[in-house]
Amino acid sequence: MTKQRAIVICPGRGTYNKEELGYLKRHHSDKIDFIAMVDEYRRSHNQTPVSELDGSETFRTATMTNSENASPLIYSCALADFQAIDRDKYDIVAVTGNSMGWYLALACAGAVSLEGGIEIVNTMGTLMQKEGVGGQVIYPLVDENWHYSQDLQDKLDATLVAADKEPGVEVYDSIYLGGMRVLAANKPGIKFLLENLPPVQERYPMQLYNHSAFHSPLLAQVPAMAHGVLSRSLFSAPTIPMVDGRGHIWQPWATGLDALYDYTFGHQVAETYDFSTAIEVAIKEFAPDKLIVLGPGTTLGAPVAQQMIRQNWRGTESKKTFVDQQKADPLVLALGIESQRELAVKK
């Protein structure tokens, strides 16, 4: 059987929610050694094991969405999903991720070990919980058909110009997320955005719960802290190409480990993360047959599809085109959706 070329996309924060409670137990009861390793790391740092969090009877929002707990939960689910992909069916030609998903991509690609991956994710999650300031607000730049809207762009631009003139208000581009723009801001900035961005589509502007001002100068103090506690020795050359949050490709035979370390705990933390460009570069440079989005959750599906539409990739012209394609022969396999999961994982 001829293998299909697949790009793996790793999720970031905000993907383990009430609906995902029990994800590890449901899908990965066979990953005993991996989950035990993560649990033991957590215990050694006097933190609740991920299996205990995942096995909770109820979803405790404040506890399970804070960075210290959400980050290792998402790491465990996503890396277990990665291990479950059917390698007889799919040749993984590249990996990428959104925001925290970059740390997961490092582990998927072999640039850090599974043990190194949880050390990075847990350390950065704890740092963000302690040092994080401000928050994030998300706003669309596409209409309900997922076509780029100049009107929405103009509304956002006008609000950002006004914000720049307000004393004490700090607002920055945080993530280019397909057809969405994620903005990072301090507390006055969050208030200004929520009060001044014109309401659209009955849900935006939306503040992301329990998120700090990721990927912005408001976290400029975190890179030095990360350098102080995470060693360069965690890194090695990847075995699979990686596309980072600038669209830069890290090839197995051409990756400088110092540069990779510095990007991961420098630019990636305090500068804008361009997930849109990462997807554009990945589909153009690696010509995949499928895009496999690791769980937990399904929130990355729409941004990926919106970027596919922007590039008119494989004839994807609109939301309707994408939905029809997904029903007939899906290009995107989101492992958080059972019907798509069945097409990607080894039985």
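Here's what I pulled together on the structure shown here.

Conventions and cut-offs
Residues numbered from 1 in each chain as written. Predicted model: local features only at pLDDT ≥ 70, side-chain atom pairs only at ≥ 80, totals over all residues. Heavy atoms only, no water. Helix = DSSP H or I, 4+ residues; strand = E, 2+ residues; numbered from the N terminus. Buried < 20%, exposed > 50% of the residue type's maximum accessible area, 1.4 Å probe, protein only. Areas by Shrake-Rupley, 256 points an atom, 1.4 Å probe, with all protein chains shown as cover. Polar contact = N/O pair within 3.5 Å; in protein donor to acceptor, adjacent residues only side chain to side chain. Contact = heavy atoms within 4.5 Å. Pairing = 2+ DSSP bridges. Expected span 1.5 Å × (residues − 1). Arc of directions from axis to C-beta.

With that out of the way, let us pick up the overall build of the protein. Along its length, the protein carries 16 helices and 11 strands. For the protein, the C-alpha atoms occupy an extent of roughly 55 × 50 × 45 Å along the three principal directions. When burial is assessed residue by residue, the protein has 57% of its 347 residues classed as buried. Accessible surface for the protein amounts to roughly 14600 Å². Of this, 49% is attributable to carbon and sulfur atoms.

The next thing to look at is the side chain of R341. Here R341 is to be found in helix 16 (residues 338-344). Judged by relative accessible area, which is 5%, R341 ranks as buried. A polar contact is formed between the side chain of R341 and the side chain of Y23, at a distance of 3.0 Å. Here H28 takes part through its side chain, which lies 3.4 Å from a polar atom of the side chain of R341. Apart from residues lying up to four places away in sequence, R341 is in contact with Y23, H27, H28, D81, A334 and L335.

It is worth spelling out unusual backbone geometry at this point. Cis geometry is found at the peptide bond from Y204 to P205, where omega equals 5°. Checked against the element boundaries, P205 lands in the loop between helix 9 (187-196) and strand 6 (206-207). The omega angle of the peptide bond from G295 to P296 is 5°, so this bond is cis rather than trans. Tracing the backbone through its elements, the reader meets P296 in the loop between strand 10 (290-293) and helix 14 (301-310). With a phi angle near 40°, A287 is a residue other than glycine that sits in the positive phi range. Its place among the elements puts A287 in the loop between helix 13 (275-286) and strand 10. Under the relative-accessibility criterion, A287 is labelled partly exposed at 49%.

Our next topic: the environment of L141. For L141, the location among the structural elements is in the loop between strand 3 (135-140) and helix 8 (150-164). A relative accessible area of 7% means that L141 is categorised as buried. Setting aside residues no more than four positions away along its own chain, L141 makes contact with H147, Y148, S149, L152, Q153, L156, G179, M180 and R181.

Further remarks concern the pairing of strand 5 (residues 180-185). The buried count for strand 5 comes to six of six residues, which makes it a mostly enclosed element. Here strand 5 shows no split at all, with M180, V182 and A184 on one side and R181, L183 and A185 on the other all buried. Examined bridge by bridge, strand 3 and strand 5 share six bridges and lie antiparallel to one another. Across the sheet, Y139 pairs through a bridge with R181, a residue of strand 5. Examined bridge by bridge, strand 4 (residues 171-177) and strand 5 share six bridges and lie antiparallel to one another. Counterpart to L177 in the pairing with strand 5 is M180. The turn linking strand 4 back onto strand 5 is made up of two residues, and G178 within it adopts a positive phi angle of 60°.

Structurally, T65 can be placed in the loop between helix 4 (61-64) and helix 5 (67-84). Residue T65 is classed as buried on the basis of its relative accessible area, which comes to 10%.

Before going further, it helps to examine helix 8. Its 15 residues give helix 8 an end-to-end C-alpha distance of 21 Å, which sits within 8% of 21 Å, the value for a rise of 1.5 Å per residue. For helix 8, the full list of buried residues reads L152, Q153, L156, T159 and A163. Within helix 8, the buried residues cover an arc of 130° as seen down the axis, which keeps them to one side. Elements that come into contact with the buried residues of helix 8 comprise strand 3, strand 4, strand 5 and helix 9.

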